[in-house]
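Results of the structural survey
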Amino acid sequence: IVYIFYYTSTHVREIFELKAELNSDKKEKKKEAVKKVIASMTVGKDVSALFPDVVNCMQTDNLELKKLVYLYLMNYAKSQPDMAIMAVNTFVKDCEDPNPLIRALAVRTMGCIRVDKITEYLCEPLRKCLKDEDPYVRKTAAVCVAKLHDINAQLVEDQGFLDTLKDLISDSNPMVVANAVAALSEIAESHPNSNLMDLNPQTINKLLTALNECTEWGQIFILDCLANYTPRDDRESQSICERVTPRLSHANSAVVLSAVKVLMKFMEMLPKDLDYYGTLLKKLAPPLVTLLSAEPELQYVALRNINLIVQRRPEILKHEMKVFFVKYNDPIYVKLEKLDIMIRLASQANIAQVLAELKEYATEVDVDFVRKAVRAIGRCAIKVEQSAERCVSTLLDLIQTKVNYVVQEAIVVIKDIFRKYPNKYESVIATLCENLDSLDEPEARAAMIWIVGEYAERIDNADELLESFLEGFHDESTQVQLQLLTAIVKLFLKKPTETQELVQQVLSLATQDSDNPDLRDRGYIYWRLLSTDPVAAKEVVLAEKPLISEETDLIEPTLLEELICHIGTLASVYHKPPSAFVEGSRGVQHKRLPGSTESESPDTTSAAAVSDAPPAVIPSQGDLLGDLLNLDLTPPTTTGPPPPASSGMQMGAMDLLGGGLDSLVFTCVLFHSAQLGGDLGGSPAIGAGFGAPPAAMPASFSAPVSGGLDDLFDLGGGVGMPMGAYSAPKTVWLPAMKAKGLEISGTFARRSGVIQMEMTLTNKAMSVMTDFAIQFNRNSFGLAPAGPLQVLTPLNPNQSIEVTLPLNTVGPVMKMEPLNNLQVAVKNNIDVFYFSCQYPISMLFVEDGKMERQVFLATWKDIPNDNEAQFQIKDCHLSSDAASNKLQGSNIFTIAKRTVDGQDMLYQSMKLTNGIWVLAEMRVQAGNPVYTVKIWLLSVL
């Protein structure tokens, strides 16, 4: 209490003394008092009580004193907004001071005072400073516009400051141009759809002219702006590259990296057979090498950027391997990054040199570095096949050193070599087994267990080796337990008589004594496989494995493109897009290289298809969903009307008639049933040309059939369509657990003659999802997206968005089973995901499906009996007129109606998008809830 009292009284006394000095008539004493105030403010003392006294000191010609007062004002204006208004008049006056330094100081301070009450008073002084005769004032005012826009964007737009800022790009002073570009870029980043940076060849020419004369930071602003421009053709691209290339020799590393970013982007538009292309590749190498002679921190930043460049264009540095050799005094973070780049540059030409270096590194004292070096030897073996034997020999030499962590890393990488080159280096297994007892790390133990299980038939005592691991099963990590379970099952399938007891023991441990759900599930799967079908178990467990890819740690191509566009920024150091680490970013633009199929414009498709991208990170998954994997994910673009149904569509129709007519009839009847709210019942009166209806209905049809009138009148959550057409409620098509957190629910609808796929995308992952695209496999009716999947904003974690995708029927045709099955691929920035769904046949009934009465009668008479199928719809309580109206909403038209023996007979027609006509006869008897429906199908008329 005494201390607090002493501190308070002392502080009050100091404030009182400072107040007296601030009001002194002597200029020197006043200046010293302001300095004391700033010193107190800097160490955290509250001197806001002196606000009016300090503001009074603004009325001075002394530039040093004015700077100190402005510094105080910036710090306390937010907490004292009412008092800060007192300074407005002084700002206005200072903006007209003869001294340009004072004018610039006033406008700079104005931009730093983030108080809404003051901003409107500052517009006029700022407008004058933007048109000031002195370039120093203009360049300061340009930055002030960006700061003011951050406080009150609407005010800046209303006052026309943005137009003034654009005019400054044509300023005669290069520093004014650079600051105007920096301010516009800052505003454009926070408002990505504002189209502020409307770059054209004339503007680009002005920026390139200013580039040669402005300061290094001005050059960075201009280069970053140039990187956002997409040249019209390769000629313009080459011209810009020629004018940017001199920046590669700049002393500032940030300028060099910004120039590299521009060149890397514009190189995408240059033909590879162009002489200048080869010259540019040669010019890019020296500046990147020079960056590695800087201090370690800058080296690391340069290496992280080089890592990206090498993944995109390894030919730039393919002759510069030696500069990435590790020096004895390099920090560990530099060593590890150099090692990574060495592997990326490794080729048949330099592999001997690389291996000699890596073997040397493996004898170092730094454990982390040694581990990475040993793994690097394994990666060399996988990447350069000709060096595999030499790499294996080097790894065996390292195992003989008996250094524990070296041995363990060597075993892990030898396991990968076995997977890349099966049945080639198995002679080393005996050496590996000798070191079994020394393994204590989970990854090494799991690798050794995999080797023993995979090659159990070549190891005499494989059962004893695996049994030794089994003794402490519950003490092992999950990774080892899972590998041990699989290895023993493999051993049992290869030597069933000798290892029956062992496999029972491990299955019991995995299923009965374990709390781990993954282990338990795998144990049950193996147990059921072995007990029900040992042959199938053998085919599954001992199946031939795909070879591992050359490099498993490559950055995904779409992400790599974006990171190349962010060279020289934090994104290139983190190897993550800005949206992953910039909190509260109002609009993060996802950038792409000009050569990719993606565009930054939301009007174009967002599907990536990199033609000459690096090797795939993950090997392709065989024939998953047939040829769906081979499709280009770019949505088809159509110009003009769709082709007439008389050519290609007829082939599709005949294909359906040839093998799928029974399915099509059945789905048509199912739709009748769903529309009318009844249940479908079979009938013996089925035409001779058809088999019985399928025993199990597809899931997408079974729901509405049993839904009754609730679904029909939207009481069960169905979506009403115009004119009464029925649309099923959304169902989950792609669960989150199968799509890395992306869940897709959806339904189909036909609205105003357009087939639509209505989806809800939900992000249940922890990362932001962007860059969505969609593509369909070939299907029975040629359904295809009519445009790109419009997801214009990033999908944040735990967020859902509704998306409507219009469809057309001009895509490629292939008969599916069932006919209405649709296989879909959805891509985002994380991966490509596949799912199947089934669309209701009613989506394909077109609006012009009402047949003329005379044509209907003539056609009706000529239909052979073989083309007829009859079904019954039960529990339907609509009158014939109500049923007719309900069905017409879905383009099922009643042509005629007659009454025979108390039964209403409705004669109906409908037409599919591929030209197939469907005729129907529906019998409705008052009081009888059972309708009889006959269906006839015709080819294209």
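Just so it is clear, the structure is predicted and the values come from calculations on it, not from any experiment.

**Focus on the overall build of the chain**
- Scanning the chain from terminus to terminus reveals 39 helices and 16 strands.
- Within the chain, counting contacts between residues at least 6 apart in sequence, those at least 24 apart form 68% of the total.
- Accessible surface, the chain: about 42,900 Å² in total, of which carbon and sulfur atoms supply 51%.

**Some details on the sheet that holds strand 9 (residues 800-808)**
- With antiparallel pairing, five strands are arranged side by side in an open sheet as 4-5-6-9-8. Of all the strands in the sheet, just strand 4 (731-734) and strand 8 (784-785) have a single pairing partner and so form its edges.
- Taken together, the two bridges between strand 8 and strand 9 define a ladder with antiparallel strand orientation. Across the sheet, residue Pro-785 finds its bridge partner in strand 9, namely Leu-807.

**Comments concerning the pattern of salt bridges**
- Taken as a whole, this structure holds 37 salt bridges when the rule is applied.
- The closest approach of N and O atoms between Asp-94 and Lys-66, which form a salt bridge, is 3.0 Å. Taken as a pair, Asp-94 in helix 6 (residues 88-94) and Lys-66 in helix 4 (residues 63-76) lie far apart in primary sequence, 28 residues in all. Per residue, the accessibility class of Asp-94 equals that of Lys-66, and both read buried.
- In this structure, the salt-bridge partner of Glu-124 is Arg-127, at a minimum N-O distance of 3.0 Å. Taken together, the positions of Glu-124 and Arg-127, both in helix 9 (residues 123-130) and three residues apart, correspond to about one turn of that helix.
- The partly exposed category is assigned to Arg-127, whose relative accessible area is 23%.
- When salt bridges that share partners are traced, they join Arg-371, Arg-375, Glu-409, Glu-441 and Glu-443 into one network.

**Points about the state of the cysteines**
- This model, assessed by the stated rule, comprises zero disulfides.
- As a non-bridged cysteine, Cys-123 has Cys-144 as the owner of its nearest cysteine sulfur, 9.6 Å distant.
- Cys-123 sits in the buried class, given a relative accessible area of 3%.

**Some remarks on helix 21 (residues 351-361)**
- Listed as buried for helix 21 are Ile-351, Val-354, Leu-355, Leu-358 and Tyr-361. All buried residues of helix 21 lie within an arc of 120° about the axis, which places them on one face of the element.
- In this structure, the buried residues of helix 21 make contact with helix 20 (332-345), helix 22 (367-383) and helix 23 (388-400).

**Description of the sheet that holds strand 7 (residues 773-776)**
- Across the sheet, three strands lie side by side as 7-10-11; this open sheet has antiparallel pairing. A strand with exactly one partner marks an edge of an open sheet, and here the two such strands are strand 7 and strand 11 (832-838). Neighbour-to-neighbour, the strand axes of this sheet turn through a mean angle of 25°, independent of strand direction.
- Here strand 7 pairs with strand 10 (residues 821-827) via four bridges, running antiparallel.

**Looking at the side chain of Ser-572**
- Mapped onto the fold, Ser-572 is located in helix 33 (residues 570-574).
- Separated by 3.4 Å, the side chain of Ser-572 and the backbone nitrogen of Gly-568 make a polar contact.
- A polar contact of 2.7 Å, which involves the side chain of Ser-572, links it to the backbone oxygen of Thr-569.

**Re the nonpolar core**
- In terms of nonpolar packing, the biggest core is built from 211 residues, with Tyr-72, Leu-126, Leu-207, Leu-358 and Phe-418 touching the most fellow members.
- Two domains share this core, each providing at least three of its residues, namely domain 1 (321-439) and domain 2 (441-543).
- Excluding its chain neighbours within four sequence positions, the residues that come into contact with Tyr-72 are Val-37, Ile-38, Met-41, Val-47, Ser-48, Leu-50, Phe-51 and Val-54.
- Grouped together as the second largest cluster of nonpolar side chains are 52 residues, Leu-742, Cys-837, Met-910 and Tyr-931 included.

**Some details on the confidence of the model for the chain**
- The pLDDT averaged across the chain works out to 78; a share of 82% of its residues lies at or above 70.
- Per-element mean pLDDT across the chain ranges from 31 in helix 37 (residues 708-712) up to 93 in helix 19 (residues 296-312).
- For the stretch residues 597-662, pLDDT sits under 50, and the model shows 127 contacts to residues farther than four places along the chain or on other chains.
- Long-range and interchain partners of residues 679-724, a stretch whose pLDDT sits below 50, account for 99 contacts in this model, where long-range means more than four residues apart.

**A word on a negative patch on the surface**
- A surface patch of negative charge is lined by Glu-464, Glu-467, Glu-471 and Glu-501.
- Following the sequence through the fold, Glu-464 ends up in helix 27 (residues 462-470).
- We classify Glu-464 as exposed; its relative accessible area is 53%.

**Quick notes on the side chain of Lys-139**
- Its place among the elements puts Lys-139 in helix 10 (residues 135-151).
- In this structure Lys-139 is buried but unpaired, with Asp-134 as the nearest side chain of opposite charge at 8.9 Å.
- Look past the residues within four positions of Lys-139 in its chain and what remains in contact with it is Met-175, Val-176 and Asn-179.

**Looking at the pairing of strand 14 (residues 903-911)**
- Counting buried residues in strand 14 gives seven out of nine residues, a clear majority hidden from the surface.
- As paired elements, strand 13 (residues 893-900) and strand 14 share seven bridges and run antiparallel to each other. Each residue of the ladder has a partner; that of Lys-897, found in strand 14, is Leu-906.
- Taken together, strand 13 and the strand that follows it, strand 14, pair antiparallel across an intervening segment of two residues, in which Asp-901 is found at a positive phi of about 55°.
- The pairing of strand 14 with strand 15 (residues 916-925) spans nine bridges and is classified as antiparallel.

**So, the environment of Leu-912**
- Structurally, Leu-912 is set in the loop between strand 14 and strand 15.
- Classification of Leu-912 by relative accessible area gives buried; the value is 1%.
- Separated by 66 residues in the primary sequence, Leu-912 and Val-846 place their C-alpha atoms 6.0 Å from one another.

**Some words on the packing of helix 26 (residues 442-454) against helix 28 (residues 478-494)**
- Viewed as axis vectors pointing N to C, helix 26 and helix 28 meet at an angle of 10°, and their least axial separation amounts to 8 Å. Comparing their axes, helix 28 and helix 26 come out roughly parallel. Listed contacts from helix 28 to Pro-442, Glu-443, Arg-445, Ala-446, Ile-449, Trp-450, Gly-453 and Glu-454 of helix 26 are Gln-479, Val-480, Gln-483, Leu-484, Ala-487, Lys-490 and Lys-494.

**Quick notes on the pairing of strand 11**
- The buried count for strand 11 comes to five of seven residues, which makes it a mostly enclosed element.
- Sheet topology note: the strand 10/strand 11 ladder contains seven bridges and is antiparallel. Residue Asn-821 lies in a different strand from strand 11, and its bridge partner there is Gln-838.
- Counting the residues in the hairpin turn of strand 10 and strand 11 gives four residues.

**Thoughts on helix 13 (residues 174-190)**
- Look at helix 13: 25 Å from first C-alpha to last across 17 residues, which is about the 24 Å you get at 1.5 Å a residue.
- Burial runs high along helix 13: 15 of the 17 residues are buried.
- At the N-terminal boundary of helix 13, the capping side chain belongs to Asn-173, with an oxygen 2.9 Å from the backbone nitrogen of Met-175.

**A few points about the packing of aromatic side chains**
- A complete count under the given rule lists 11 aromatic pairs for this structure.
- Note on Tyr-300 and Tyr-333: the rings are 5.5 Å apart at their centroids and 90° apart in plane angle, and the pair reads as edge-to-face. A residue pair is termed long-range when its members are at least 10 positions apart, and Tyr-300 in helix 19 and Tyr-333 in helix 20 qualify at 33 residues.
- Since its relative accessible area comes to 24%, Tyr-300 is described here as partly exposed.

**Section: the environment of Trp-936**
- For Trp-936, the position within the fold is in strand 16 (residues 931-940).
- By relative accessible area, which is 7% here, Trp-936 ends up buried.
- A C-alpha to C-alpha distance of 8.5 Å links Trp-936 and Trp-917, two positions 19 residues apart in sequence.

**Observations concerning the packing of helix 22 against helix 24 (residues 404-420)**
- Their axes nearest at 9 Å, the elements helix 22 and helix 24 cross at an angle of 20°. The angle between helix 22 and helix 24 places the two elements in the roughly parallel class. Seen along the crossing, helix 22 lies across helix 24 with a hand that is right-handed. Contacts from Val-367, Val-370, Arg-371, Val-374, Arg-375, Gly-378, Ala-381 and Ile-382 of helix 22 reach helix 24 at Tyr-405, Val-406, Glu-409, Ala-410, Val-412, Val-413, Asp-416, Ile-417 and Lys-420.
- Partitioning the contact of helix 22 with helix 24 into residue classes produces 11 nonpolar, one polar and five charged.

Rules of the game
Residues numbered from 1 in each chain as written. Predicted model: local features only at pLDDT ≥ 70, side-chain atom pairs only at ≥ 80, totals over all residues. Heavy atoms only, no water. Helix = DSSP H or I, 4+ residues; strand = E, 2+ residues; numbered from the N terminus. Contact = heavy atoms within 4.5 Å. Areas by Shrake-Rupley, 256 points an atom, 1.4 Å probe, with all protein chains shown as cover. Pairing = 2+ DSSP bridges. Salt bridge = Lys/Arg side-chain N within 4 Å of Asp/Glu carboxyl O. Buried < 20%, exposed > 50% of the residue type's maximum accessible area, 1.4 Å probe, protein only. Disulfide = S-S within 2.5 Å. Arc of directions from axis to C-beta. Axes fitted to C-alpha atoms, helices over the stretch in contact; angles between N-to-C directions. Polar contact = N/O pair within 3.5 Å; in protein donor to acceptor, adjacent residues only side chain to side chain. Core = buried A, V, L, I, M, F, W, Y, C linked by side-chain atoms within 4.5 Å. Domains from an automatic or database assignment. pLDDT = per-residue confidence, 0-100. Patch = residues over 30% accessible without salt bridge, like charges linked within 9 Å, V, L, I, M, F, W, Y side chains within 5 Å. Lys, Arg positive; Asp, Glu negative; His and termini not counted. Charge placed at Lys NZ, Arg CZ, Asp CG, Glu CD. Parallel < 35°, antiparallel > 145°, perpendicular 65-115°, else oblique. Expected span 1.5 Å × (residues − 1). Phe/Tyr/Trp six-rings, centres within 6.5 Å; stacked < 30°, edge-to-face > 60°. Left-handed = near helix turned anticlockwise from the far one by under 90°. Nonpolar A, V, L, I, M, F, W, Y, C, P; charged D, E, K, R; others polar.

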